[in-house]
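Structure at a glance
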Amino acid sequence: MFLVFFSGNVCCAARNLKRLQMPPSELSVHSPTIGRRTQQLFDDQPIRQMGNSIEVSQTNQRGVPYNAMRIRQGCTVISFVAIRTSEHIDSMKNNDTPGAQDNAGRSSPALTPFEIQSARPLPPEAKRTVESGRDTVRKILDREDHRLMVVVGPCTIHDPAAGLEYAQRLKNLAQEVGSTLFLVMRVFLEKSLAATGWKGYINDPDLNESFNITKGLKKARSFLGDVNKLGVPMATEAVSPLLQQYYGDLITWTIFGVHSIESQVHREIASGLPTPVAFKNGVDGKLESAINAIRTTGQGHRFVTVDNHGHPCVVHTHGNRHGHLVLRGGKGFPNYDSINVQNAEQAMRSAGLRESIVVDCSHANSYGRPELQRAVLANVIDQIHAG
């Protein structure tokens, strides 16, 4: 249930029910006085008395009830408890959503983050991988760990069996290079689209446009849990801010792409994530948006979102001080060369940020050609050796 508390002088019909001596069906319910104003919430809505409470039913244009507002009298507050009725859930399945516009299509109930997490809980060994991975990346960014972080893996996951085989191979490689490199597996479950196409494993896990998102969420958590149990930390891109609550507890490193770095919602979410966060330079190759995003997410924010039980809530974040920059090229031109890296370092220093930079060997840095990624990596290695 969703609780909203309005404090103020108790002057609702709930308080005056006995004094009014009116049949419940003739009552109009008003909110408590907030300051000097009294706002009428429900007018000519069906009302029935339930002990020391009254219940107000709201209906949509077709007469289907979708909320039962139960109003209880208290000493200093009156609580309004919104209860979604079974009739409303059925109407949602039949494209009868209250207030829906013609372009809204149909809607259906979704499981809450808590329900998905309960169905696919975080195994203890997976939790240890996540906590250890996050701590290691933070230490690398804080210059307390001399190793380099390397994020490697497929563009997006679509075959969990193949992804798990890849994770096992990566684990074996990580054991060989662990003294100098910290390997993180790239596991993108959502696709950020510039136009149209498949939107990722969560959105359409069967790759047939059936869009069984509930199945996608459950299978995604299962896959992430299996990889973490191997001891392989994972990175992902935060495309939908809300979905981070469904699987964010399984992620070590989070990146924000070119389509979200200027989004206030994404910056607010990043400020409260438990992972280090990275921001790609803009699609035009400029650094300003990404640097502003790093600065913004380093500060605390207050914003409205939903909690793990699907209830609207106000979140107060403390800021994420482990934001850093990703150079991915732009407008068809690379920016991984030493001159561009030095310019990026100078820009970060000027903004009062630590010069923590990740070079993306893909995208515009390799002109979108996978066979050129080795050349990009070789150049980056030479830059590191040159100091």
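Below or above, wherever it landed, is the structure these notes cover.

1. Focus: the packing of aromatic side chains
Taken as a whole and judged by the stated rule, the model has 1 aromatic pair. Ring geometry for F256 against F279: centres 5.1 Å apart, planes inclined by 15 degrees, an arrangement best described as stacked. Of this pair, F256 sits in strand β11 (residues 253-256) while F279 is found in strand β12 (residues 277-280), placing the two residues 23 residues apart along the sequence. For F256, a relative accessible area of 1% gives the class buried. The ring of F188 carries R186 above its face, with NZ or CZ at 4.0 Å from the centroid.

2. Structural notes on the sheet that holds β12
Taken together, 7 strands build an open sheet; the order of strands is β8-β9-β10-β11-β12-β15-β16 and the sheet is parallel. Either end of the sheet is taken by a strand with one partner, and the two such strands are β8 (148-152) and β16 (357-359). Each strand of the sheet is rotated relative to its neighbour by a mean of 30 degrees, with strand direction disregarded. In the sheet, β8 pairs with strand β9 (residues 181-186) via 5 bridges, with the strands oriented parallel. Directly across from V152, in β9, lies its bridge partner M185.

Rules and cut-offs
- Residues numbered from 1 in each chain as written.
- Predicted model: local features only at pLDDT ≥ 70, side-chain atom pairs only at ≥ 80, totals over all residues.
- Heavy atoms only, no water.
- Phe/Tyr/Trp six-rings, centres within 6.5 Å; stacked < 30°, edge-to-face > 60°.
- Helix = DSSP H or I, 4+ residues; strand = E, 2+ residues; numbered from the N terminus.
- Buried < 20%, exposed > 50% of the residue type's maximum accessible area, 1.4 Å probe, protein only.
- Lys NZ or Arg CZ within 6 Å of the ring centre and 35° of its normal.
- Pairing = 2+ DSSP bridges.
- Axes fitted to C-alpha atoms, helices over the stretch in contact; angles between N-to-C directions.

Everything listed here is a matter of geometry and, on its own, says nothing about what the molecule does.
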